[in-house]
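One letter stands for each residue in the lines below.
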Amino acid sequence: MDSASYEAWLASVSAGFLAQSDAQRNASLDRLIALSGAAQLRHLSGGLDALLKRDFLRLLPLELAFHLLRWLDPPTLLTCCLVCKRWNKVINSCTEVWQGVCLELGWRIDEAGQDGSHWKADEAVQDASHWKADEAVQDASHWKAVYLKARRRMTQLKEQRAFETSSLIGHSARVYALYYKDGLLCTGSDDLSAKLWDVRTGQCVYGIQTHTCAAVKFDEQKLVTGSFDNTVACWEWSSGAKIQQFRGHTGAVFSLDYNDDLDVLVSGSADFSVKVWSLGAGACLNTLTGHTEWVTKVILQKSEVESVHHSPGDHILLSSDKYEIKVWPLGREINCTCLKTLRVSENRSISLQPRLQFDGRTIVCSSDLGVHQWDFASFQLRRVIKMDDPSNLSLLSFGEVFALLFDERFLYVMDLRTEAVSGRWPLPPYRKSKRGSSFLAGVTSWLNGLDGANDAGLVFATSMPDHSIHLVLWKESR
């Protein structure tokens, strides 16, 4: 067959082949293979390898290769790193891929880490193995290392190897009040003392004589205490002297909060009231009424959202009792009326637990039904996380990625994206408190997403029957 005739025949056969179904094409190929000799079969074998085993990381533009890699799960990515040096180099240079797998494990990616995905080609070289990054290779290597640490930390949580415990010993009577800030834990006791502890070393930094403490909060200079003697007091750490006393409640003060910029202190009491005080002068500025049970929690916090009732930056006061959460506007003008009352049940058949939380955007509280999350801008119930035994399971702290909960036997880390428990840690028989002041969460930034550094320090603290403080701390990740 001459060349022209062959080309015409090949065009006709090709057109016919393209018109066939897949089954017909397969049958045609089978017939041709059966008619082929040794030379044709060798040719076919050599060509198939190049057709079926194409190295897409070499052939595709690097941006497209990165896009495809983002669809692979982390174990597959790690396996692909072992294929060859070129694959290992390209995969280990893809910042967005490793940031993505970190996000999937609950690791937080800050805004500065988002800029490591800008790549450029060396115009003189077309081979993918010669692609290079501008200032981003280190970023990619960093996020791969972060992912490996993240996977190790999540495995430790699951296998109960992420935490360790220690104790603080020094009080001689019941420890009722705890407050944690910046590596320091304050404890208030029925032995008429308050102590400030360095959690890292276990050493007592300050110890001062006080009244019986039902609530405590502190900063570098001062300690503010609420007491079973119906008063609030302010003490100076360095001298132990009482700076100010706030009198006016007719029941024990179970919760307090203050803001130095506003010169305002708020307190919640067993007399069903919330009082607003001048922090410096000690005078009562207002008494907020409406609760019909002991006020066990007050929170003074700036709003971070806007609504018809408040603007971002407005100071908001939340107060809660056994059945209700009340929201009050609190600015330079102290007189205010309740903006909203939140309830789980209208007939008071379901009670709230005392661990109220407010971050300026959402309000979170748990009940016998589970964990409830309200949107602060609209006051609408955003989410209810139902649990197997919510009457015994208590909320410690709630973040964007994780929640910390506990019952009589265990501390639990819940992944809020799946509502599954990621890990748990055994607890000793601790002292129980209906007001929730004798146990607390420590560092809580990791609940918004682990970042490779915030999985350190105090996780949980509670008072024990022998008057010691039981601490649960992050174990150093290795």
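Rules used throughout
Starting afresh in each chain, residues are numbered from 1 along the sequence in its written order. Thresholds applied to this predicted model are a pLDDT of at least 70 for local features of residues and 80 or more for the giving and counting of side-chain atom pairs; totals over whole chains, interfaces and linings are not thresholded and use all residues. Here the side-chain values reflect all heavy atoms present in the structure, with hydrogen atoms and water set aside. Secondary structure elements follow DSSP: runs of H or I no shorter than four residues count as helices, runs of E no shorter than two count as strands, and numbering proceeds from the N terminus. Buried, partly exposed and exposed residues are distinguished by accessible area as a fraction of the type maximum, computed with a 1.4 Å probe on protein chains only: under 20%, between the cut-offs, and over 50%, respectively. One requirement defines pairing of two strands: DSSP has to find at least two bridges between them. A fitted line through C-alpha atoms serves as each axis, taken over the contacting stretch for helices, and the angle formed by two N-to-C directions is quoted from 0 to 180°. The definition of a nonpolar core used throughout is a set of buried Ala, Val, Leu, Ile, Met, Phe, Trp, Tyr and Cys residues joined through side-chain atoms within 4.5 Å. In this description, contact between two residues means that some pair of their heavy atoms is separated by no more than 4.5 Å.

Q: Looking at this model, I keep getting lost on unusual backbone geometry. Mind explaining?
A: If a residue is not glycine, its phi is most likely negative; likewise, a peptide bond is most likely trans. The phi torsion at Gln160 lies on the positive side, around 60°, for a residue other than glycine. As for its position among the elements, Gln160 is in the loop between helix 9 (137-158) and strand 3 (163-168). In this structure, His467 takes a positive phi of about 75° despite not being glycine. Along the polypeptide, His467 turns up in the loop between strand 29 (458-463) and strand 30 (469-474). His467 sits in the partly exposed class, given a relative accessible area of 23%.

Q: Looking at this structure, how should I read the sheet that holds strand 13 (residues 264-269)?
A: Strand pairing within a sheet occurs via backbone hydrogen bonds; the two strands may be parallel or antiparallel. The strand order across the open sheet built from four strands is 12-13-14-15, with neighbouring strands paired in antiparallel fashion. Looking at which strands have only one partner, the edges of the open sheet turn out to be strand 12 (253-259) and strand 15 (284-288). For this sheet, the mean angle separating the axes of adjacent strands, direction not counted, is 15°.

Q: In this structure, what is going on with the nonpolar core? I would like to understand it.
A: The tendency in soluble globular proteins is for nonpolar side chains to be buried side by side. Counting residues in each nonpolar core, the largest one holds 47 residues, and the members touching the most others are Trp98, Phe163, Leu404, Leu411, Trp446, Val459 and Phe460. Here this core gets six residues from one element, more than from any other, and that element is helix 9. The contacts of Phe460, once residues within four sequence positions are left out, are Leu396, Phe406, Leu411, Leu427, Phe439, Leu440, Gly442, His470, Leu471 and Val472. Of all hydrophobic cores here, the second largest spans 15 residues; its members include Leu356, Phe358, Trp374 and Phe379.

Q: Explanation requested: the sheet that holds strand 7 (residues 203-209) in the structure shown.
A: The strand order across the open sheet formed by four strands is 4-5-6-7, and the pairing between neighbours is antiparallel. For this open sheet the edge positions go to strand 4 (175-181) and strand 7, each flanked by a neighbour on one side alone. With strand direction ignored, the average angle separating the axes of adjacent strands in the sheet is 20°. Bridging between strand 6 (residues 193-198) and strand 7 involves six bridges; their strand directions are antiparallel. Bridge assignment links Ser193 to a residue of strand 7, and that residue is Gln209.

Q: Got a minute to help me understand the pairing of strand 14 (residues 274-278) in this structure?
A: Along any regular strand the residues' side chains alternate between the sheet's two faces. Within strand 14, five of the five residues are buried, which leaves it mostly tucked inside the rest of the structure. Of the pairings in the sheet, the one linking strand 13 to strand 14 comprises five bridges and is antiparallel in character. Across the sheet, Val266 pairs through a bridge with Val276, a residue of strand 14. The hairpin formed by strand 13 and strand 14 contains four residues between the paired strands, and Phe272 there has a positive phi angle of roughly 75°. Relative to strand 15, strand 14 is paired through four bridges, and the arrangement is antiparallel. Across the sheet, Val276 pairs through a bridge with Asn286, a residue of strand 15. Here strand 14 folds back onto strand 15 in antiparallel fashion, the turn holding five residues, of which Gly282 has a positive phi close to 85°.

This is a description of form; function is not addressed.
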